[in-house]
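# Survey of secondary and tertiary structure
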Amino acid sequence: MAEELVLERCDLELEANGRDHHTADLCRERLVVRRGQPFWLTLHFEGRNYEASVDSLTFCAVTGPDPSEEAGTKALFRLSDAMEEGAWAAVAADQRDSTLSLHLSTPANAPVGHYRLSLEASTGYQGSSFMLGQFTLLFNSWCPADAVYLDSDEERQEYVLTQQGFIYQGSAKFIKNIPWNFGQFEEGILDICLMLLDVNPKFLRNAGRDCSRRSSPVYVGRVVSGMVNCNDDQGVLLGRWDNNYADGISPMSWIGSVDILRRWKRDGCQRVKYGQCWVFAAVACTVLRCLGIPTRVVTNYNSAHDQNSNLLIEYFRNEFGEIQSDKSEMIWNFHCWVESWMTRPDLQPGYEGWQALDPTPQEKSEGTYCCGPVPVRAIKEGDLSTKYDAPFVFAEVNADVVDWIRQDDGSLHKSINHSLVVGLKISTKCVGRDDREDITHSYKYPEGSPEEREAFTRANHLNKLVNKEETGVAMRIRVGEGMNRGCDFDVFAHITNSTPEEHIGRLLLCARTVSYNGILGPECGTKDLLSLSLEPYSEKSIPLRILYEKYCDCLTESNLIKVRGLLIEPAANSYLLAERDIYLENPEIKIRILGEPKQNRKLVAEISLQNPLTVALSGCTFTVEGAGLIEEQKTVDVPDPVEAGEEVKVRVDLLPLYVGRHKLVVNFESNRLKAVKGFRNVIPIQSPWETAKRELRRLGSEKGGGWPCSHGILDICKAG
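Residues numbered from 1 in each chain as written. Predicted model: local features only at pLDDT ≥ 70, side-chain atom pairs only at ≥ 80, totals over all residues. Heavy atoms only, no water.

### Considering the overall build of the protein
In terms of helices and strands, the protein carries 15 helices and 36 strands. Overall size of the protein, expressed as C-alpha extent along the three principal axes, is 110 × 60 × 40 Å. In the protein, which comprises 720 residues, the proportion classed as buried is 55%. Of the contacts formed within the protein by residues at least 6 apart in sequence, a portion of 66% connects residues at least 24 apart. Carbon and sulfur atoms form 47% of the exposed surface of the protein, whose accessible area is close to 30,700 Å². Charged side chains in the protein number 79 positive and 101 negative. The centres of these two groups are separated by 3 Å. (Helix = DSSP H or I, 4+ residues; strand = E, 2+ residues; numbered from the N terminus. Buried < 20%, exposed > 50% of the residue type's maximum accessible area, 1.4 Å probe, protein only. Contact = heavy atoms within 4.5 Å. Areas by Shrake-Rupley, 256 points an atom, 1.4 Å probe, with all protein chains shown as cover. Lys, Arg positive; Asp, Glu negative; His and termini not counted. Charge placed at Lys NZ, Arg CZ, Asp CG, Glu CD.)

In structure tokens, the structure reads:
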């Protein structure tokens, strides 16, 4: 009888598997692979070699606290001669003496998560068990059989592998890109994402069922949508919108997801203060990309929050055009969510592709503060019966807005307001470029088209099909030049009379600071023209001066001012309303890279900003982060004061770990100038030392291990 087969060690082949599975950033000290794709394993035996005719090898892979074969969380499979498609399998790839190289494959629908891998080696009636190690299994957008498969390599690079990007803010007429460090492959982030899954309420109620259902990106996306906010659970972020953030961090101050997720873990899964929509969306994007689901952040301008699903937002105003009561139904200046790419086997064909998920806690879905995933195609077609939460997302991009003016006698009069259209300039970052892509067409058909009429009819959105009232008099708000924070500037009510009659009315102009979610602050400019004459076929432009001294103390970190014009014609009992949200530009943060960026070589970034205000700044800090450039977030304090017009500079040490494009992201804070953002692309190249190390590894592999040295390689090392 052959002696017992004894395993000396198991090599998980981290470098080769990391390269093949696009997980090199995660495979520095652990094995991380993607499902539906074989990975390497090398077994080293002692005493004697493996003999296929004598020895039987059976592998066991388990995930979750209560694994079972029925639930798909436990797999038993023997070493065989050929791979079996769609199943756990192991085949011998090569054998050299006591070393056996294997290919292990996983099903493309296996649950994602943390696995334990063991081996049962049997020789006749003898048998021994060995723990081979642990690995993490992710979704695989490179595998055609996976539900998250993307057939474009450029899109896989952008939506799975890229660790930085932009989130779009500002207003529909002044779109502002905000840099963000997603950092999904930064140290510890994968473990935090898996922890997030393991503290979700569904796992706590039934861990086995939850782990089994992690095979579905629809299920995982819905769990992540609920866990990024903390309204029902031990979720990551607490939302706050009242501009009182003293006991936490202002949502506008964050520049990346990594610091947020690390704080959540460090504090024992306690909520991080504070988040708003783009922060919720960005953290969800980090988690979903980390788990392997292609994801992007999307911004919708003039986004409706419709609570009662009637697709109508009604504003009740007094005779001066001021909104009379607080409303939970609002038009947000912009709103962010994420889209994730996946198939929808639970829905009718044609609804695969981009799915909208909204982690901002607004309304409950099946008892939980989450939203989606819902096919973007279903929103475009007006199919509101589609899972999940189609009516709410449809309203965000399509709701109608009605303004009522309450007159002195209490009666209500409908005003005409053509300046506010819901669902504009829906934006995301372009693939492979630092540009904005407008994806409004994926949510909405062209206005007035037959397809739009069909979609609205299907959604029973009949009030959108009614022709808009026209009076022959139109008004819109125009802006001038130099709308920078710290400056005085002019805005204009531009009024057109396209009728043959003279119109006489009263014009009320008002400017108020406003938060991005529509909450109004104090007035910062007003004008009341009691008698404004509009000659036939004429145009007039009425200026309103807005002074820094009026808005400086009440401007929120959104940098937004809402300008409202109300033209009242008593003779015709007509109310014409026009509004515009104005974004004030922050000063530019300049970033200069000193030296040539090279992999694993120290580098210095010089960061500067000029104070644009007429007063001194105090409490100034620069906060810097960037995946692959800096290990953790750094904050540099600036000595007080920074006088008016003064330029302040700081330097930060960087250490690029990888070649290729990376973004250094910067935030500046002070007592009077907050949430100023900047970024710089840094593209490290491979240094001679790194080239030498790769050559040494190659030669060592060819010669059976070790680190051979030649004079040529030593010269390269010295030069590096």
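Resuming the write-up.
### Let's talk about the domain arrangement of the protein
For the protein, the assigned domains are domain 1 (6–138), domain 2 (156–461), domain 3 (473–583) and domain 4 (589–682). A C-alpha centroid distance of 68 Å is found between domain 1 and domain 3. (Domains from an automatic or database assignment.)

### Considerations on the UniProt feature "binding site: Ca(2+)" (unreviewed entry) in the protein
UniProt annotation of "binding site: Ca(2+)" (unreviewed entry) refers to Asn398, Asp400, Glu447 and Glu452 when read in the numbering used here. A maximum C-alpha distance of 14.2 Å is found for the annotated residues, which run over 55 residues; spatially they form one tight group. Inspection of the secondary structure assignment puts Glu447 in the loop between helix H11 (440–443) and helix H12 (450–458). Residue Glu447 is classed as exposed on the basis of its relative accessible area, which comes to 64%. Assignment of secondary structure puts Glu452 in helix H12. (UniProt positions renumbered as here; feature names shortened; annotations may be inferred.)

### Section: unusual backbone geometry
Residue Gly372 is joined to Pro373 through a cis peptide bond whose omega torsion reads 5°. Looking at the secondary structure, you find Pro373 in the loop between strand E17 (353–357) and strand E18 (374–375). Note that the residue after Asp640, namely Pro641, is joined by a cis bond; omega there is -15°. For Asp389, which is not a glycine, the phi torsion comes out positive at approximately 65°. Topologically, Asp389 is positioned in the loop between helix H9 (376–381) and helix H10 (390–398). One non-glycine residue, Asn573, lies in the positive phi region at around 50°.

### As for the packing of aromatic side chains
A full pass over the atoms with the stated rule returns 23 aromatic pairs. Geometrically, the ring pair formed by Tyr245 and Tyr274 is tilted, given 5.9 Å between the ring centres and 50° between the ring planes. Of this pair, Tyr245 sits in the loop between strand E12 (237–239) and helix H7 (258–266) while Tyr274 is found in strand E13 (residues 272–275), placing the two residues 29 residues apart along the sequence. In this structure, Tyr245 and Tyr274 share a single accessibility class: buried. On the numbers, 5.3 Å between centres and 80° between planes, the contact of Trp341 with Trp354 is edge-to-face. (Phe/Tyr/Trp six-rings, centres within 6.5 Å; stacked < 30°, edge-to-face > 60°.)

### Comments concerning the sheet that holds strand E4 (residues 55–63)
Taken together, the nine strands give an open sheet; going across it, the order is E1-E3-E7-E6-E5-E4-E8-E9-E2, and neighbouring strands pair in mixed fashion. The open sheet is flanked by strand E1 (6–11) and strand E2 (31–34), the only strands paired with a single partner. With direction set aside, neighbouring strand axes in the sheet form an average angle of 35°. The pairing of E1 with strand E3 (residues 39–46) spans five bridges and is antiparallel. When the bridges of E3 are listed, Arg9 appears paired with His44. (Pairing = 2+ DSSP bridges. Axes fitted to C-alpha atoms, helices over the stretch in contact; angles between N-to-C directions.)

### Concerning the sheet that holds strand E26 (residues 520–534)
Sheet architecture is open: four strands sit in the order E26-E25-E28-E29, paired in antiparallel fashion. The sheet terminates laterally at E26 and strand E29 (574–583), the two strands that pair on one side only. For this sheet, the mean inter-axis angle between neighbouring strands, taken without regard to orientation, is 15°. Here 10 bridges tie strand E28 (residues 560–569) to E29, and the two strands are oriented antiparallel to one another. Looking across to E29, one finds that Gly565 is bridged to Ala578.

### Some remarks on the pattern of salt bridges
Within the structure shown, the criterion is met by 35 salt bridges. Residue Asp247 is joined to Arg240 by a salt bridge in which the shortest nitrogen-to-oxygen separation is 3.9 Å. By relative accessible area, Asp247 is classed as partly exposed at 49%. Given the relative accessible area of 24%, Arg240 is considered partly exposed. With its nearest N and O atoms 3.5 Å apart, the salt bridge here joins Asp553 to Arg672. Residue Asp553 is located in the loop between helix H13 (548–551) and E28, and its partner Arg672 is located in the loop between strand E35 (662–669) and strand E36 (676–682); the two are separated by 119 residues in the primary sequence. Classification of Asp553 as exposed rests on a relative accessible area of 65%. Salt bridges sharing common partners tie together Arg240, Asp242, Asp247 and Lys273. (Salt bridge = Lys/Arg side-chain N within 4 Å of Asp/Glu carboxyl O.)

### A short note on the pairing of strand E25 (residues 503–514)
A large share of E25 lies buried, amounting to 10 of its 12 residues. Bridge analysis of E25 against E26 gives 10 bridges, and the strand direction is antiparallel. Residue Val514 lies in a different strand from E26, and its bridge partner there is Leu520. In this structure, the hairpin formed by E25 and E26 is closed by a connection of five residues, where Gly518 is found at a positive phi of approximately 95°.

### What to know about the packing of helix H3 (residues 189–198) against helix H8 (residues 277–291)
Where H3 contacts H8, the two axes come as close as 10 Å, and the packing angle between them is 100°. For the element pair H3 / H8, the angle class is roughly perpendicular. Of the residues in H8, those in contact with Ile189, Leu190, Cys193, Leu194, Leu196 and Leu197 of H3 are Thr286, Val287, Cys290 and Leu291. In the contact of H3 with H8, the residues fall into nine nonpolar, one polar and no charged. (Parallel < 35°, antiparallel > 145°, perpendicular 65-115°, else oblique. Nonpolar A, V, L, I, M, F, W, Y, C, P; charged D, E, K, R; others polar.)

### Observations regarding the nonpolar core
Counting 101 residues, the largest nonpolar core has Trp180, Val224, Leu237, Ile260, Trp278 and Tyr443 as the members making the most contacts within it. The element contributing the most residues to this core is H8, with 13 residues. Excluding residues that lie within four positions of it along the chain, Trp278 makes contacts with Ile167, Gln169, Trp180, Pro251, Met252, Phe334, Cys336 and Tyr516. If you look at the next biggest cluster of nonpolar residues, it comprises 55 residues, including Ile542, Leu555, Val648 and Val650. (Core = buried A, V, L, I, M, F, W, Y, C linked by side-chain atoms within 4.5 Å.)

### Looking at the confidence of the model for the protein
Per-residue pLDDT for the protein averages 91, and the proportion of residues at 70 or more is 93%. Every residue in residues 701–720 is under pLDDT 50, and counting partners more than four places away or in other chains gives 23 contacts. (pLDDT = per-residue confidence, 0-100.)

### Side note on the environment of Ser171
As for its position among the elements, Ser171 is in strand E10 (residues 164–171). Taking relative accessible area as the criterion, Ser171 reaches 3% and is therefore assigned buried. In this structure the C-alpha to C-alpha distance between Ser171 and Gly18, which are 153 residues apart in sequence, comes to 42 Å. If near-sequence neighbours (up to four positions away) are discounted, Ser171 is found in contact with Tyr301, Asn333 and Asp581. A polar side-chain atom of Ser171 sits 3.4 Å from the main-chain carbonyl oxygen of Asp581. (Polar contact = N/O pair within 3.5 Å; in protein donor to acceptor, adjacent residues only side chain to side chain.)

### Some details on H7
Among all positions in H7, only Val258, Asp259, Ile260, Leu261 and Trp264 are buried. Phi turns positive, to about 70°, at Gly268, one or two residues after H7.

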